[in-house]
Amino acid sequence: MDLTAAELLTFGKMAQELSEVLGKMIHYESPDLWRFFRAKQKEGTPVGYIFILILLHYFPRFQKKPPLSDNIRRVLGRDPITFRQFAQDYVGKLI
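Here's what I pulled together on the structure shown here. (Residues numbered from 1 in each chain as written. Predicted model: local features only at pLDDT ≥ 70, side-chain atom pairs only at ≥ 80, totals over all residues. Heavy atoms only, no water.)

### Description of helix H1 (residues 11-22)
Spanning twelve residues, H1 covers 16 Å between terminal C-alpha atoms, matching the ideal 16 Å at 1.5 Å per step. Positive phi shows up at glycine 23, right after H1, with a value of about 75 degrees. (Helix = DSSP H or I, 4+ residues; strand = E, 2+ residues; numbered from the N terminus. Expected span 1.5 Å × (residues − 1).)

Structure (structure tokens):
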């Protein structure tokens with residue numbers, strides 16, 4: 001069973017929502033593959049694991065958008081909260 005919110009957000013949109021809720025600028029920047037690889041290599045991360053991390057980050061970009069489901073509503077009997085509401089509810093823990 002897929003559990004999704006009622007909205008599809010990009011990382012950029014999530015950063016914008018967090019910026020507005022927290023009152024400070026949050027910027028999302030997609031990591032440069034080569035710099036990410038080198039940084040992880042310098043940390044001692046095994047090369048195979050680095051490639052898995054890269055695939056997990058980049059592979060979804062080449063997929064179609066995931067479908068939204070109403071399973072949260074059916075399980076909980078109410079609509080799911082928005083990302084903004086989540087941020088507002090946990091603002092004290094996000095700072």
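### Focus on the side chain of glutamate 17
With respect to the helices and strands, the residue glutamate 17 is situated in helix H1. Residues within four places of glutamate 17 in sequence aside, it is in contact with Phe83 and Arg84. (Contact = heavy atoms within 4.5 Å.)

### A look at the pattern of salt bridges
If charged atoms from side chains of opposite charge come close, those side chains can pair. For the structure on display, the rule yields eight salt bridges. When the shortest N-O distance is used, the salt bridge between aspartate 79 and arginine 73 registers 2.5 Å. Look at arginine 73 and you get partly exposed, because its relative accessible area is 42%. If you follow the salt bridges from partner to partner, you end up with Lys13, Glu17, Glu20 and Arg84 in one network. (Salt bridge = Lys/Arg side-chain N within 4 Å of Asp/Glu carboxyl O. Buried < 20%, exposed > 50% of the residue type's maximum accessible area, 1.4 Å probe, protein only.)

### Points about the nonpolar core
One finds Leu18, Val21, Leu22, Phe83 and Ala87 forming the largest nonpolar core, which totals five residues. For this core, the secondary structure elements donating two or more residues are H1 and helix H5 (83-89). Counting residues per element, this core draws most heavily on H1, at three residues. (Core = buried A, V, L, I, M, F, W, Y, C linked by side-chain atoms within 4.5 Å.)

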